[in-house]
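# Chain and residue survey
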There are 2 protein chains.
Amino acid sequence: MAERPEDVGAKLEQELRRGVIVLAALSQLRTQQYGYSLRQALAERGLVIEEGTLYPLLRRLEGQGLLASEWRIEDGPPRRYYTLSPQGEAMLASLAQSWRNMAGIVEGLIGEGKAGDEQPKKRKATP
Amino acid sequence: MAERPEDVGAKLEQELRRGVIVLAALSQLRTQQYGYSLRQALAERGLVIEEGTLYPLLRRLEGQGLLASEWRIEDGPPRRYYTLSPQGEAMLASLAQSWRNMAGIVEGLIGEGKAGDEQPKKRKATP
DNA sequence: CACTATACATAGTATCACACAGTATGTTCG
DNA sequence: CGAACATACTGTGTGATACTATGTATAGTG
């Protein structure tokens, strides 16, 4: 079965989003949030994450010690509020660093070749 | 079992790399390359991809019609050379666009909160 | 009360990077 | 020559995880 190109594109874009999700979530949890509000905050900024993705993610990150959570009751229904733990902050800093590094590499990759356009280096047969 | 933080970090970084791999490979295949040389080219630019990842990836991308390949014999052992197909070029352009969009979002996310630091918007109870 | 938005949770599926192992062909050097 | 190493590709198995779909419950609204 030949896959439709728009499916392929969607899948690749999803993969692109995938690696970023954790970083995005952590970055927003510098201020305390509950899951639903976090999801909306991210969506507002252009990053849509499904509920079935976000909630398990938050539990996972908490299990890894990057987040701390507590139930709280205020206006509406009980909500589970999350914040960065100290390790979470450290991880966020580290991840942000990795991201910037990665972004630099990718920028270089997709930028080059427009001009330049050198051919692939042939493995030297007789040095 | 508590996961060691460096494992967690490594895994997250890997996830970060994951989404980028296809884009990186496509970007380099604007010039014809074989698998091994592609791997080296990417490694030189700071993106290390395992063989067990890259080779299947190339076959997959070819299966999706994004790449064209041919065996060729020159100096050394037979090598399978890959290049972008027209659809591959289109996909590369599209993905690069997605990437830039994503990069902008992430940049905004990790940049904000340093200053600013507004508290989480409370869902208005009475709209 | 029915209906919608909010809020969280879980089971099941599919995808995919990587580890690991294997095959085979150069190249180098004692 | 032949042992060791780099090159070049292939294949299997596994673990992690994003998403779909579905379920539960509460709060506000007509």
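The sections below set out a description of the structure shown in this document.

How each quantity is defined
Residues numbered from 1 in each chain as written. Chains lettered and ligands numbered in written order. Predicted model: local features only at pLDDT ≥ 70, side-chain atom pairs only at ≥ 80, totals over all residues. Heavy atoms only, no water. Salt bridge = Lys/Arg side-chain N within 4 Å of Asp/Glu carboxyl O. Helix = DSSP H or I, 4+ residues; strand = E, 2+ residues; numbered from the N terminus. Buried < 20%, exposed > 50% of the residue type's maximum accessible area, 1.4 Å probe, protein only. 1 Å grid on protein atoms, 1.4 Å probe; cavity = no way out; pocket = protein on both sides within 12 Å on 5 of 7 lines; lining within 4 Å. Points joined across faces, edges and corners; volume = space filled by probe spheres on them. Nonpolar A, V, L, I, M, F, W, Y, C, P; charged D, E, K, R; others polar. Near = heavy atom within 4 Å. Polar contact = N/O pair within 3.5 Å; in protein donor to acceptor, adjacent residues only side chain to side chain. Least-squares fit on C-alpha atoms with pLDDT ≥ 70 in both. Phe/Tyr/Trp six-rings, centres within 6.5 Å; stacked < 30°, edge-to-face > 60°. Lys NZ or Arg CZ within 6 Å of the ring centre and 35° of its normal. Axes fitted to C-alpha atoms, helices over the stretch in contact; angles between N-to-C directions. Parallel < 35°, antiparallel > 145°, perpendicular 65-115°, else oblique. Left-handed = near helix turned anticlockwise from the far one by under 90°. Contact = heavy atoms within 4.5 Å.

### Section: the pattern of salt bridges
Considering all chains together, one arrives at 13 salt bridges over all chains under this definition. When the shortest N-O distance is used, the salt bridge between Glu50 of chain A and Arg39 of chain A registers 3.9 Å. Of this pair, Glu50 of chain A sits in the loop between helix H2 (35–44) and helix H3 (51–63) while Arg39 of chain A is found in helix H2, placing the two residues 11 residues apart along the sequence. For Arg39 of chain A, a relative accessible area of 22% corresponds to the partly exposed category. Between Arg100 of chain A and Glu107 of chain B there is a salt bridge, with its nearest N and O atoms 3.5 Å apart. Linking Arg100 of chain A in helix H4 (residues 86–111) with Glu107 of chain B in helix H4 (residues 86–111), this pair reaches from one chain into another. One salt-bridge network, in which partners are shared between bridges, spans Glu15 and Arg18 of chain A together with Glu15 and Arg18 of chain B.

### Remarks on empty space enclosed by the protein
Enumeration according to the criterion identifies one cavity of 30 Å³ or more in this entry. For the largest cavity, the full set of lining residues is Leu16, Gly19, Val20, Trp99 and Met102 of chain A together with Leu16, Val20 and Trp99 of chain B. For the lining of the largest cavity, the secondary-structure elements that each account for two or more residues are helix H1 (5–28) and H4 of chain A together with helix H1 (5–28) of chain B. In terms of residues, the lining of the largest cavity owes the most to one element, H1 of chain A, which gives three residues. In the lining of the largest cavity, the residues fall into seven nonpolar, one polar and no charged.

### Overview of the protein's contact with DNA strand C
Near DNA strand C there are 26 residues, and of these Tyr36, Arg79 and Arg80 of chain A together with Arg18 and Thr53 of chain B occur at the shortest range. In DNA strand C, the atoms that sit within 4 Å of the protein are 78% sugar and phosphate, with bases accounting for the remainder. Tyr36 of chain A is positioned such that a nitrogen or oxygen atom in its backbone is 2.8 Å from a phosphate oxygen of DNA strand C. Between Arg17 of chain B and DNA strand C, the recorded distance is 3.2 Å, taken from a side-chain N or O atom to a phosphate oxygen. Mapped by element, the contributors of at least two residues to the surface near DNA strand C are H1, H2, H3 and strand E3 (79–84) of chain A together with H1 and helix H3 (51–63) of chain B. The greatest single-element share of the surface near DNA strand C, amounting to five residues, is contributed by H3 of chain A. Along the lines of polarity and charge, the residues of the surface near DNA strand C split into nine nonpolar, six polar and 11 charged.

### Structural notes on the protein's contact with DNA strand D
For DNA strand D, the set of nearby residues contains 24 residues, the closest of which are Arg18 and Thr53 of chain A together with Tyr36, Arg79 and Arg80 of chain B. Taken together, the sugar and phosphate atoms account for 79% of what DNA strand D places within 4 Å of the protein. Of all the secondary-structure elements, those providing two or more residues to the surface near DNA strand D are H1 and H3 of chain A together with H1, helix H2 (35–44), H3 and strand E3 (79–84) of chain B. In terms of residue count, H3 of chain B provides more of the surface near DNA strand D than any other element does, four residues in total. Across the surface near DNA strand D, the residue classes break down as seven nonpolar, six polar and 11 charged.

### Digging into the relation of the copies chain A and chain B
Each of the two chain copies can be generated from the other by rotation about an axis followed by a shift along it. Superposition record for chain A on chain B: RMSD 0.1 Å, screw rotation 180 degrees, translation along axis 0.0 Å. One copy is carried onto the other by what is essentially a two-fold rotation axis. Considering only C-alpha atoms, the part of chain A nearest the rotation axis is Gly19 of chain A, at 3.0 Å.

### A short note on the packing of aromatic side chains
Residue and element names in this part refer to chain A. On inspection of all chains with the given rule, the structure shows three aromatic pairs over all chains. Centroid distance Tyr34 to Tyr81: 5.2 Å. Interplanar angle 70 degrees. Geometry classified as edge-to-face. Of this pair, Tyr34 sits in strand E1 (residues 33–34) while Tyr81 sits in strand E3, and the two are 47 residues apart along the sequence. This pair shows no difference in class: Tyr34 is buried, exactly as Tyr81 is. Stacked on the ring of Tyr81, the Lys or Arg Arg72 has its end atom at 4.3 Å from the ring centre.

### Thoughts on the packing of H1 of chain B against H2 of chain B
All names here are of chain B. Running from N to C, H1 and H2 cross one another at 110 degrees; their axes reach a closest spacing of 10 Å. With respect to H2, the axis of H1 lies roughly perpendicular. Taken as a pair, H1 and H2 cross one another with a handedness that is right-handed. Of the residues in H2, those in contact with Ala24, Ala25 and Gln28 of H1 are Leu38, Ala41 and Leu42.

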